[in-house]
Amino acid sequence: MLDIFTVAFFGHRYIDNPLKIEELLEKQIRKLINEKEYVNFLVGRNGEFDRCVSSTVLRTRKIFRDDNSALTLVLPYPTAEYVNNEKCFNDYYTDVEISYDASKAHPKSAIQIRNRKMVDKADFIICYIKHKKGGAWQTIQYALKQGKKVVNLAELDDKLI
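Quick summary incoming for the structure in this document. (Residues numbered from 1 in each chain as written. Predicted model: local features only at pLDDT ≥ 70, side-chain atom pairs only at ≥ 80, totals over all residues. Heavy atoms only, no water.)

Along the backbone of the protein chain there are 8 helices and 6 strands. Shown N-terminal to C-terminal, the secondary structure of the protein chain runs as helices and strands in the order β-α-β-α-β-α-α-β-α-α-β-α-β-α. Here the C-alpha radius of gyration of the protein chain, 15 Å, is about what a compact globule of 161 residues would show, namely 15 Å. Expressed along its principal axes, the backbone C-alpha trace of the protein chain runs to roughly 40 × 35 × 30 Å. Taking all 161 residues of the protein chain together, the buried fraction comes to 45%. Across the protein chain, every contact between residues at least 6 apart in sequence was considered, and the portion connecting residues at least 24 apart equals 76%. A total of about 9,000 Å² of accessible surface is found on the protein chain, and carbon and sulfur atoms cover 50% of it. (Helix = DSSP H or I, 4+ residues; strand = E, 2+ residues; numbered from the N terminus. Rg over C-alpha atoms; globule rule 2.2 N^0.38 Å. Buried < 20%, exposed > 50% of the residue type's maximum accessible area, 1.4 Å probe, protein only. Contact = heavy atoms within 4.5 Å. Areas by Shrake-Rupley, 256 points an atom, 1.4 Å probe, with all protein chains shown as cover.)

This is the structure:
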């Protein structure tokens, strides 16, 4: 049976240095693809960090190895953007999931519910958290309480600058 290692990504809506973050992401993604039998990368679509993650995963898979990983978009509910462009989404991502629990919740709480479900599924979390506030920070606090292994690229970024 295939051993699937699941990685979830969380970060701030706005980021300072996307190129530096993509460089840090690529190192993590290459390592995972190289060391694990199969990796499922879970990502949202709620800001700059999510867009950096998606493009870096796709680029790294294309350049390095694409036969043992997937990029799964996890939406809190079927957004208008998704409904109107479903084929484009399915062409870009390996898979698109809509969080059942989040889709039944009030829209203001749906993203946090989706994030917690992603944490629950994940074996490993990669984040970019610089501020101790907001939804991404709350999600990482939840992940730590669940005993999940978390790497914060913002801490690595601070050491490299």
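Before going further, it helps to spend a moment on the side chain of R114. Secondary-structure assignment places R114 in helix α6 (residues 107-121). Buried and unpaired, R114 has no salt bridge, with D50 as the nearest side chain of opposite charge at 5.3 Å. A distance of 2.8 Å separates a polar atom in the side chain of R114 from a polar atom in the side chain of N46. (Lys, Arg positive; Asp, Glu negative; His and termini not counted. Salt bridge = Lys/Arg side-chain N within 4 Å of Asp/Glu carboxyl O. Polar contact = N/O pair within 3.5 Å; in protein donor to acceptor, adjacent residues only side chain to side chain.)

Where helix α1 (residues 18-35) meets helix α2 (residues 48-63), the axes come as close as 9 Å, and the angle between the chain directions of the two elements is 50°. Accordingly, the angle class assigned to the pair α1 and α2 is oblique. Taken as a pair, α1 and α2 cross one another with a handedness that is right-handed. Seen from α1, the contacting residues are P18, I21, E22, L25, E26, I29, R30 and I33; seen from α2, they are F49, C52, V53, S55, T56, V57, R59, T60 and R61. The class makeup of the residues in the contact of α1 with α2 is 9 nonpolar, 3 polar and 5 charged. (Axes fitted to C-alpha atoms, helices over the stretch in contact; angles between N-to-C directions. Parallel < 35°, antiparallel > 145°, perpendicular 65-115°, else oblique. Left-handed = near helix turned anticlockwise from the far one by under 90°. Nonpolar A, V, L, I, M, F, W, Y, C, P; charged D, E, K, R; others polar.)

This next bit is on the packing of aromatic side chains. The description of an aromatic ring pair uses the distance of the two centres, along with the angle that the planes make with each other. Evaluation of the coordinates by the stated rule reveals 6 aromatic pairs. Measuring from centroid to centroid gives 6.4 Å for F5 and F124, while their planes differ by 40°, and the two rings are tilted. Within this pair, whereas F5 is found in strand β1 (residues 4-11), its partner F124 is found in strand β5 (residues 124-128), the two being separated by 119 residues in sequence. Summarising the burial analysis for this pair, F5 and F124 share the class buried. Centroid distance F89 to Y93: 6.3 Å. Interplanar angle 25°. Geometry classified as stacked. (Phe/Tyr/Trp six-rings, centres within 6.5 Å; stacked < 30°, edge-to-face > 60°.)

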